[in-house]
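# A closer look at the structure
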There are 2 protein chains.
Amino acid sequence: MISGRTTQVVVPMIGDPVAQAATPPLWNAHFQGQGIDAVCVPVHLPAAGLVSFVEWVRHARNVPGFLTTVPHKAALPGLCDHLDDEVHVLGVANTVAKRPDGTLACAMFDGRGMVAALKAAGCDLAAASVAICGAGAAGASIAVQAARQGARRLRLFDLHAPAAVRLAERLGYLGVEIELGRAQPGDVLVNAAPAGSASPFPEEIVATAPAVADCVTEPEETPLLHLARAHGCIAVPGREMAAHQAALMRAFLGLE
Amino acid sequence: MISGRTTQVVVPMIGDPVAQAATPPLWNAHFQGQGIDAVCVPVHLPAAGLVSFVEWVRHARNVPGFLTTVPHKAALPGLCDHLDDEVHVLGVANTVAKRPDGTLACAMFDGRGMVAALKAAGCDLAAASVAICGAGAAGASIAVQAARQGARRLRLFDLHAPAAVRLAERLGYLGVEIELGRAQPGDVLVNAAPAGSASPFPEEIVATAPAVADCVTEPEETPLLHLARAHGCIAVPGREMAAHQAALMRAFLGLE
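What comes next is a walk through the structure. (Residues numbered from 1 in each chain as written. Chains lettered and ligands numbered in written order. Predicted model: local features only at pLDDT ≥ 70, side-chain atom pairs only at ≥ 80, totals over all residues. Heavy atoms only, no water.)

## Quick word on the relation of the copies chain A and chain B
Note on the copies: chain A fits chain B at an RMSD of 0.0 Å, the axial shift is 0.0 Å, and the rotation between them is 180°. Put plainly, the chains are arranged around a two-fold axis. With an isologous cut-off of 70% or more, the 100% of interface residues of chain A that recur at the interface of chain B puts this contact in the isologous class. (Least-squares fit on C-alpha atoms with pLDDT ≥ 70 in both. Contact = heavy atoms within 4.5 Å.)

## Focus on the packing of aromatic side chains
This model, assessed by the stated rule, comprises eleven aromatic pairs over all chains. A connected cluster of aromatic rings, assembled from ring pairs, spans Phe53(A), Trp56(A), Phe66(A), Phe53(B), Trp56(B) and Phe66(B). Over the face of the ring belonging to Phe109(B) we find Arg112(B), whose NZ or CZ atom lies 5.2 Å from the ring centre. (Phe/Tyr/Trp six-rings, centres within 6.5 Å; stacked < 30°, edge-to-face > 60°. Lys NZ or Arg CZ within 6 Å of the ring centre and 35° of its normal.)

## Re the sheet that holds strand β3 (residues 65-68) of chain A
Residues and elements named next belong to chain A. Across the sheet, six strands lie side by side as β2-β1-β3-β5-β6-β4; this open sheet has mixed pairing. Single-partner strands in this sheet number two, and they are β2 (38-44) and β4 (82-83). Bridge count for strand β1 (residues 9-15) against β3 is two bridges, and the pairing is parallel. Paired with Met13 across the bridge in β3 is Leu67. (Pairing = 2+ DSSP bridges. Helix = DSSP H or I, 4+ residues; strand = E, 2+ residues; numbered from the N terminus.)

## Side note on the environment of Val188(A)
All names here are of chain A. By the element assignment, Val188 lies in strand β10 (residues 188-191). Here the alpha-carbon distance between Val188 and Ala120, two residues 68 residues apart in the chain, equals 15 Å. Other than its neighbours up to four places away in sequence, Val188 contacts Cys123, Leu125, Ala128, Ser129, Val130, Ala131, Pro210 and Ala211.

## Here we look at the nonpolar core
Counting residues in hydrophobic clusters, the biggest one holds 42 residues, and the most contacted among them are Phe53(A), Trp56(A), Phe66(A), Phe53(B), Trp56(B) and Phe66(B). Ignoring sequence-local partners within four residues, the contact set of Phe66(A) consists of Val11(A), Pro12(A), Ile14(A), Phe53(A), Val54(A), Val57(A), Leu76(A), Asn94(A), Thr95(A), Val96(A) and Leu253(A). (Core = buried A, V, L, I, M, F, W, Y, C linked by side-chain atoms within 4.5 Å. Buried < 20%, exposed > 50% of the residue type's maximum accessible area, 1.4 Å probe, protein only.)

## Remarks on helix α2 (residues 50-59) of chain B
Turning to α2(B), its buried residues number three or more, namely Leu50(B), Ser52(B), Phe53(B), Val54(B), Trp56(B) and Val57(B). Residues of α2(B) that are buried sit in contact with β2 and α2 (50-59) of chain A together with β1 (9-15), β3 (65-68), β5 (95-98) and β6 (104-107) of chain B.

## Quick look at the interface of chain A and chain B
Residue-level contacts link 33 residues of chain A with 33 residues of chain B. Where chain A abuts chain B, roughly 2,700 Å² becomes buried across the two surfaces, and 67% of that area is made up of carbon and sulfur atoms. Inspection of the chain A/chain B interface yields two salt bridges. Linking Arg61(B) and Asp16(A) is a salt bridge whose minimum nitrogen-to-oxygen distance equals 3.8 Å. At the junction of chain A and chain B, the tally comes to ten residue pairs in polar contact (both at pLDDT 80 or more). When residues of the side of chain A that touches chain B are traced back to their parent elements, those giving at least two are α1 (23-34), β2 and α2 of chain A. Considering every element that reaches the side of chain A that touches chain B, the biggest residue donor is β2(A), with six residues. The residue inventory of the side of chain A that touches chain B, partitioned by class, reads 18 nonpolar, eleven polar and four charged. (Buried area = accessible area lost by both parts, 1.4 Å probe. Salt bridge = Lys/Arg side-chain N within 4 Å of Asp/Glu carboxyl O. Polar contact = N/O pair within 3.5 Å; in protein donor to acceptor, adjacent residues only side chain to side chain. Nonpolar A, V, L, I, M, F, W, Y, C, P; charged D, E, K, R; others polar.)

## Topic: the pairing of strand β11 (residues 211-214) of chain B
Residues in a regular strand project their side chains so that they alternate between the two faces of the sheet. Residue and element names in this part refer to chain B. Taking every second residue as pointing to the same face, both faces of β11 are buried, with Ala211 and Ala213 on one and Val212 and Asp214 on the other. Pairing of strand β10 (residues 188-191) with β11, which is carried by three bridges, proceeds in the parallel orientation. Of the residues in β11, the one forming a bridge with Val190 is Ala213. Note: β11 against strand β12 (residues 234-236), three bridges, orientation parallel. When the bridges of β12 are listed, Ala211 appears paired with Ile234.

## Digging into the pattern of salt bridges
Residues and elements named next belong to chain A. In the structure shown here, the tally under the stated rule is 28 salt bridges over all chains. Between Arg155 and Glu179 there is a salt bridge, and its shortest N-O distance comes to 2.7 Å. On the criterion of sequence distance, the pair formed by Arg155 in strand β8 (residues 153-157) and Glu179 in strand β9 (residues 177-180) is long-range, its members being 24 residues apart. By relative accessible area, Glu179 is classed as partly exposed at 29%. Across the pair Glu221 and Arg229 runs a salt bridge, and its minimum N-O distance is 2.7 Å.

Right under this line is the structure:
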């Protein structure tokens, strides 16, 4: 709810379009449930408005930052003052937080959210071998954070092979073993590719996985997760990852 | 409520501070009551952020314009593309509406709101003599719109006499008789000065007034209104004016 109080925090979410964004209603339900006087407001903003949008946010006293979806993620790093190494590697960010001195920091939270969701489900990635299907921004973010958690090997696969090759090159700085190609027995399996009608990993691999996670949120129960549960694996749905990611984003904005 | 739908209209209200603004909660209650998928969001914006704020609004697809309070009213006309004569005369505006071509029009609605409230209460200003106490933006706006309604004479008074003199000079273009000085018997009386402990018009003048209006909203029942009612005059409280003004502002933004 909009209280109209000057202390009320306003978190815009910009996108073009912004219709697909589930975040504003989810965040508002969270704020209301927790008694936090904040609102998340969807703003339908074409790219031409991005520079001025970032600029006024620097000045607004009750706007701690903002969220973005397509098509702004790749333009954000160039408009912010502080980028962590993950943003440098990925070239994209989806959350901008204003620091007390008015400078802007941007970050991605897909990987941190996935790592937190896996940990909450009982899967620690330290010394794990992690196979990631999908070399887009989500897959890249998960790869960076899995390495941060001490994973000993990342196996990258993408239907569009050059994307996996490029990601492997960009991840070289992590100092972790990186292989290109399909998952092997015993890998922690993570799907970071769009929803499909079949599991992106074959059943015999899933059967041996200590944990299986899917970034897909729609449907909630994907063929991959169904298979994982059938074999008694730890199964982490996309909505769990999204919930952890949202909490980390709010913490980044000082709202948790 | 924030629905998060891309079609949802977002109307920011900017100010520094913005705490005193009653508009966001009032407008949100209105939107909710009418089933309009729109929200009014308070933004605490110092003057340094105004130029970039106006710029991003030009681009945002679900932002039809915005509202302002102190200290932005005087800077707005210089940042907009279309100014009506009232804004030219007053030098201030409190509402900005985006036209379909992306250009911005700004306007004030104090005067239009007061005229509408008087009319709704049964007082037509055509051929009236109108005495206005207070030569600030509200008083000036009311003077312009009273002239528009065909008032034959405006009597302007301000405790700070030079303000009334300057306003009279600026209103010369209206082609209506303008006098400086206190209200006379038979005048429609309008208080556009801040709330005081006593009526700004003497009781013997109030007793003869066809209608009496007060811009003050807090308290709801001012000494002036109390006096007017005691003498059976048409009495228009500040909240009536504010309600009419709000409806006109929403119509200007395409939301009514």
